[in-house]
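Close look at the chain arrangement
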Amino acid sequence: MNGGLAMSDLSIVPNPAHSNSARVLFELEHGDNIRVNICDVLGRSRVASLSQVFAKGSNSLTVELSQLPAGVYFVNVEASDDHRTHRLLIQK
């Protein structure tokens, strides 16, 4: 891996989520623009893509979940040279 996300450090808390938000935690080997998108099980984007520049090291991003019904979702996290997907369960 040339940089980007250190996958062993990507997580979502809380998961399962019982509240209106969750935090996406990730480690970057170098500063990068990170894009986050939340999709349902059919691949439809359910939360508008978030894009923000983060510094090298440990980072977190809070995502709003209040408009999503209970269910299984996939959080897609993209850096310039890496892309990862993590499952998120929402229970209300």
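As the structure is a prediction and not an experimental result, all values here were calculated from the model. Each residue is numbered by its place in its chain's sequence as written, counting from 1. Two thresholds apply to this predicted model, a pLDDT of at least 70 for residue-level local features and 80 or more for giving and counting side-chain atom pairs, whereas whole-chain, interface and lining totals are computed over all residues. As a convention, hydrogens and water are excluded, and side-chain values are obtained from all of the structure's heavy atoms.

Examining the overall build of the protein chain
By definition, any uninterrupted DSSP run of H or I lasting at least four residues is a helix, any uninterrupted run of E lasting at least two residues is a strand, and each is numbered from the N terminus. Within the protein chain, the regular secondary structure consists of zero helices and seven strands. Helices and strands in the protein chain line up, N terminus first, as β-β-β-β-β-β-β. Taken along the three principal axes of its C-alpha coordinates, the protein chain extends 40 × 20 × 20 Å. The buried share among the 92 residues of the protein chain stands at 37%. Whether two residues touch is decided by their heavy atoms; if any such pair falls within 4.5 Å, the residues are in contact. Here the analysis covers contacts within the protein chain between residues at least 6 apart in sequence; of these, 59% occur between residues at least 24 apart. Approximately 5000 Å² of the protein chain is accessible, and the part contributed by carbon and sulfur atoms is 49%. Averaging the locations of the 8 positively and 9 negatively charged side chains of the protein chain gives two centres separated by 9 Å. Partly exposed describes any residue whose relative accessible area lies between the buried limit of under 20% and the exposed limit of over 50%, with all areas from a 1.4 Å probe on protein chains only and scaled to the type maximum. Here the open area of atoms and residues is found with the Shrake-Rupley method and a 1.4 Å probe, where only the protein chains shown may cover a residue. The charged-residue count follows a simple rule in which Lys and Arg add positive charge and Asp and Glu add negative charge, with His and chain termini not counted at all. The location of each charge is read from NZ of Lys, CZ of Arg, CG of Asp or CD of Glu.

Some details on the sheet that holds strand β2 (residues 21-28)
Pairs of strands are assigned from DSSP output, requiring at least two bridges between the strands. If you trace the three strands from one edge of the open sheet to the other, you get β1-β2-β5, paired in antiparallel fashion. With partners counted over all chains shown, the strands left at the sheet margins are β1 (11-13) and β5 (57-64), one partner each. The sheet shows a mean angle of 25° between the axes of neighbouring strands, taken without regard to direction. As paired elements, β2 and β5 share eight bridges and run antiparallel to each other. Along β5, the bridge assignment pairs Glu27 with Ser58. For every element, the axis is a line fit to its C-alpha atoms; helices are fit only across the contacting stretch, and the angle between N-to-C directions ranges from 0 to 180 degrees.

A few points about the nonpolar core
For our purposes a nonpolar core is just a set of buried Ala, Val, Leu, Ile, Met, Phe, Trp, Tyr and Cys residues, chained together by side-chain atoms within 4.5 Å. Core analysis: the biggest nonpolar cluster contains 22 residues, and Val24, Phe26, Ile34, Ile38, Leu65 and Val75 have the highest contact counts within it. Setting aside residues up to four positions removed in sequence, Val75 forms contacts with Ile12, Val24, Val36, Asn37, Ile38, Arg84, Thr85, His86 and Leu88.

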